[in-house]
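# Chains, contacts and geometry: an overview
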Amino acid sequence: MNSSTDVPAADERTRFRDWPTGGRWLVYSVILLVIAMIALFLAGATVVRRSLPQTSGTLQLRGLTSTVDVDRDANGIAQVYADTPADLFYAQGYVQAQDRFWEMDFRRHVTSGRLSELLGKKALSTDMYIRTMGWRDVAQKEYALLSPDSRSYLDAYSAGVNAYIHVHSISQMSLEYSLLAIHGLNYTPEDWTPVDSLAWLKAMAWDLRGNMDDEIDRARLSVDRTPDQIAELYPPYPYATNQPIMDWKPATPPPTGANPRPPLGSAAMKALEAVERGTAAIPDLLGSGDGIGSNSWVVSGAHTVSGKPLLANDPHLSPSLPGIWYQMGLHCRVVDESCPFDVSGFTFAGVPGVMIGHNDKIAWGFTNLDPDVTDLYLEKVEGQNYLYDNKWLPLKEHDETIKVAGGKSKTFTVRATGHGPLVSDVSSQLSSVGANASSLPGSPPRGNGYAVSLEWTALTPSRTADAIFLLDRAQDWTQFRAAAARFAVPSQNLVYADTDGNIGYQAPGLIPIRKGNRSGDYPVEGWNSANDWSGKYVPFKDLPTELNPDDGFIVTANQAVTGPNYPYFLSDSWDQGYRSQRIRQLLTKDFVGDQPVGVAEMSRIQNDTRNPMAPILVPYLLNILLTSEYYADGQRLLATWDYTQPADSAAAAYFNAVWSNLLRLTFQDQLKKSLWPDGGQRWMAVVSELLQEPDSPWWDDVRTDGVIENRDTILTTAMQDARDELVRRISVDPDKWQWGALHQLKLTNQSLGASGIGVVERLFNRGPYDVAGGGSNVDATAWDAAKGYAVTAAPSMRMVVDLSDFDNSRWINQTGVSGHAFSAHYTDQTKLWLAGETLPWVSSKTAVQAATRDHLNLVPRSN
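Note that this is a predicted model, so its numbers are computed, not measured.

### Points about the sheet that holds strand β22 (residues 545-547)
The strand order across the open sheet built from eleven strands is β1-β31-β2-β3-β6-β7-β8-β9-β17-β18-β22, with neighbouring strands paired in mixed fashion. Each edge of the open sheet carries a strand with a single partner, namely β1 (57-61) and β22. Averaged over all neighbouring strand pairs, the angle between strand axes comes to 20 degrees, with direction disregarded. As judged from the three bridges shared by strand β18 (residues 503-506) and β22, these two strands associate in the antiparallel manner. In the strand pairing of β22, Gln506 is matched with Thr545. Seen against the sheet, helix α2 (residues 85-111) touches β1, β2 (68-72), β3 (78-82), β6 (326-332), β7 (342-347) and β31 (854-860) and runs at an angle of roughly 160 degrees to β6.

This is the structure:
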């Protein structure tokens with residue numbers, strides 16, 4: 001106020017001291033709250049700044065023998081240069097800890113069954129299940145099996161992580177620790193060990209373990225469904241239309257698989273359901289469900305612009321923050337026998353070496369082979385004994401104690417049979433398996449019910465870590481295959497290319513041979529030794545392999561590996577091959593058939609969004625007469641649709657809404673909720689067959705008395721319901737519908753992102769983002785039709801390697817390299833990823849120096 005006349009006289013103003021007491025305290029509270037919020041913001045900003053890594057200048061570190069250079073580009077991606085492997089892996093450990101130590105620490109608590117130490121009693125079920133399987137115990141045994149070189153690399157990496165731990169306080173490491181401290185956590189990180197790194201490989205194997213969930217689901221279906229009905233829901237691989245990875249011409253006829261087993265009794269089913277509840281408690285560190293998979297393909301120089309091979313890869317995993325991958329280069333300054341590494345690619349924070357990428361001679365990519373490497377056994381247990389071939393044998397037992405933040409420690413007993421740990425013990429629900437439960441036909445007396453054991457190849461100590469380092473330094477096909485021979489679990493499809501122009505494929509892994517050549521589709525009786533594994537695995541020399549095929553390219557996208565004549569049982573749970581066949585089509589028709597392929601064309605294939613179900617279903621939908629103009633508005637979108645699914649597509653939004661409603665109307669009345677269709681590739685195959693049977697019993701809604709619905713009834717209702725749904729969700733005007741308005745990606749922090757505390761979730765999570773693609777598209781952004789349209793799995797990264805010039809390669813991460821929520825590199829690659837774009841991937845020293853934005857010297861510290 002500028003005039004004295006604007007100011008009331010003192011006696012006309014209400015003095016603060018004259019306010020009612022309650023009013024004054026309200027003001028005091030508001031002022032204190034504002035002060036507290038300002039203080040919290042300033043403290044938070046201080047913590048955030050303190051936890052961001054030093055990326056330039058010089059750091060003196062104990063344990064180094066010579067100077068290490070760390071060059072980071074504009075996206076914070078580090079290229080590390082050292083004189084020895086010890087210094088190289090030491091620096092990798094230190095740099096990854098700078099960016100991702102909370103993630104590394106959180107993961108090692110998961111994989112060792114110690115998450116309750118951080119998160120309290122809500123993590124107990126997770127810890128008990130993992131302790132029961134003994135992931136860390138297996139990792140401890142694996143360390144002793146590794147080569148001296150591998151152990152030295154793991155030791156050096158651990159020393160680098162510990163160098164970071166020893167010079168940083170909790171508040172300097174990550175914001176997550178500070179937030180947990182506010183809630184009373186008194187915690188100091190332990191030193192990192194090689195076993196912490198090896199245990200992560202068990203988590204990787206668990207999420208890619210194969211058909212264990214299908215075993216339980218088939219058993220549940222067997223209670224009230226015939227074998228033929230179950231077979232309708234699990235269709236065989238369509239060899240006639242979708243080509244496997246490679247042809248196989250056997251010298252001997254293949255074995256005959258076992259027939260479906262009889263229905264299980266209720267006691268057995270309750271035990272299996274307990275196992276299912278237990279597995280659900282384990283965090284999906286890589287992901288689970290139908291959308292988990294990968295694309296990878298390699299094209300020979302005969303079909304490329306440069307005359308040298310091109311290799312593409314994009315693994316499909318659950319979205320998370322930070323992203324699953326950490327981009328990095330590891331370079332010996334002088335590459336020779338004493339220091340053989342010049343490798344760049346995608347790593348796991350917490351594991352030394354590069355998992356997927358290229359060195360100076362070769363490139364490689366992974367897709368999940370998805371073999372059947374798990375079996376569930378029903379076990380007859382009485383007291384401390386279990387039945388086996390009419391003899392009672394003692395259970396193996398030991399106690400485990402789990403420390404719980406803010407609570408009492410939990411001690412429980414882990415039990416195991418000769419097949420493996422009793423995973424059903426973890427669920428308290430087993431107490432309901434009582435004396436009145438029915439039994440299996442021909443089984444021993446039920447007593448108090450059944451337990452369930454797990455046999456799994458990952459619980460056998462192996463030398464997979466050797467394979468990582470051998471891949472990183474392999475120089476040719478022979479050395480590549482020697483590395484693959486050590487890759488035990490999880491079994492992967494490995495694609496290969498080298499600078500000499502060779503391309504190849506190799507299937508590695510421990511794949512069990514079962515007695516009687518049976519499949520592993522159903523849980524089996526553990527008391528009968530005829531159901532055991534034979535103790536042998538498919539010999540590496542007999543695993544599928546191919547070098548320089550005649551057609552000049554190899555495509556792997558989780559489809560069948562070989563034709564049906566392959567002499568060993570690998571799996572019958574292959575992906576149906578929609579993605580692989582589409583990639584083959586694009587390579588042979590659009591590119592290879594007309595002109596050579598370049599890096600840009602390979603990236604274009606990775607972003608292809610054609611829906612494989614659309615050309616099958618749309619003709620049936622267009623053949624339905626919708627008499628209402630309102631409902632026909634949606635149907636008309638399909639008449640001119642090209643079946644692709646960009647985020648702004650109205651037709652894709654309508655089609656997917658129809659698909660979701662079709663699945664609901666067809667199956668939810670006849671299946672338990674846990675078995676409801678997710679709409680992925682298996683269900684596409686199921687519905688494709690049912691469309692040819694207009695009066696199949698599956699079309700009938702069993703809840704409508706006196707009415708028998710058929711195919712066209714369901715299709716009509718599905719289109720009407722889809723129209724209504726999109727009006728509710730988006731707009732009454734079909735022109736305003738967009739697939740991305742339904743199909744959205746939310747990046748959720750794996751540890752605190754689902755805390756239930758809104759402000760914390762907003763700190764660590766990002767999105768949602770409108771997303772293109774869909775399940776079984778090459779751009780595989782999967783969604784679960786039983787739950788909604790949100791993205792459940794997606795390409796976690798994309799890469800294209802140019803073997804003519806590695807510096808011409810491209811890569812992208814779904815998020816960024818940093819695990820710090822306020823770092824510029826937390827999600828700085830996400831917008832490019834969403835747009836289908838990539839970053840330059842340089843690896844030569846000259847190109848790296850040109851791209852460097854921050855240079856850090858790590859130098860030895862004498863004391």
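### Quick word on the environment of Phe764
Summarising the element assignment, Phe764 is placed in helix α23 (residues 758-764). Sequence separation between Phe764 and Gly819 is 55 residues; the distance between their C-alpha atoms is 9.6 Å. For Phe764, the residues in contact, after removing those within four places along its chain, are Leu175, Glu176, Leu179, Leu321, Asn749, Leu752, Ala821 and Tyr826.

### Considering the pairing of β31
Where β1 meets β31, five bridges bridge the pair, whose relative direction is parallel. In the sheet register, Gln60 faces β31, and the bridge partner there is Val859. The pairing of β2 with β31 spans five bridges and is antiparallel. Looking at β31, one finds that Asp71 is bridged to His855.

### Notes on the confidence of the model for the protein
Counting all residues, the mean pLDDT for the protein is 89, and 86% of those residues have values of 70 or more. In the model, residues 250-259 has pLDDT below 50 throughout and makes 16 contacts with residues more than four positions away in sequence or in other chains.

### Some words on the packing of helix α13 (residues 464-473) against helix α14 (residues 477-484)
The N-to-C vectors of α13 and α14 enclose an angle of 170 degrees; their axes lie 8 Å apart at closest approach. Our classification of the angle between α13 and α14 gives roughly antiparallel. Across the interface between the two elements, Ala467, Leu470, Leu471 and Arg473 of α13 pack against Gln479, Phe480, Ala482 and Ala483 of α14. When the residues that make up the contact of α13 with α14 are grouped by side-chain class, the tally is six nonpolar, one polar and one charged.

### Here we look at helix α8 (residues 175-182)
In terms of burial, α8 is a largely internal element, six of the eight residues being buried. For α8, the complete set of buried residues consists of Leu175, Glu176, Tyr177, Ser178, Leu179 and Leu180. Immediately downstream of α8, the backbone of Gly184 shows phi near 100 degrees, a positive value.

### Regarding the sheet that holds strand β13 (residues 391-394)
By way of backbone hydrogen bonds, the strands of a sheet pair with one another, either parallel or antiparallel. Here three strands make up an open sheet; going across it, the order is β11-β12-β13 and the pairing antiparallel. Either end of the sheet is taken by a strand with one partner, and the two such strands are β11 (381-382) and β13. With four bridges joining them, strand β12 (residues 385-388) and β13 adopt antiparallel strand pairing. By the bridge assignment for β13, Asn385 is matched with Pro394.

Rules used throughout
Residues numbered from 1 in each chain as written. Predicted model: local features only at pLDDT ≥ 70, side-chain atom pairs only at ≥ 80, totals over all residues. Heavy atoms only, no water. Pairing = 2+ DSSP bridges. Helix = DSSP H or I, 4+ residues; strand = E, 2+ residues; numbered from the N terminus. Axes fitted to C-alpha atoms, helices over the stretch in contact; angles between N-to-C directions. Contact = heavy atoms within 4.5 Å. pLDDT = per-residue confidence, 0-100. Parallel < 35°, antiparallel > 145°, perpendicular 65-115°, else oblique. Nonpolar A, V, L, I, M, F, W, Y, C, P; charged D, E, K, R; others polar. Buried < 20%, exposed > 50% of the residue type's maximum accessible area, 1.4 Å probe, protein only.

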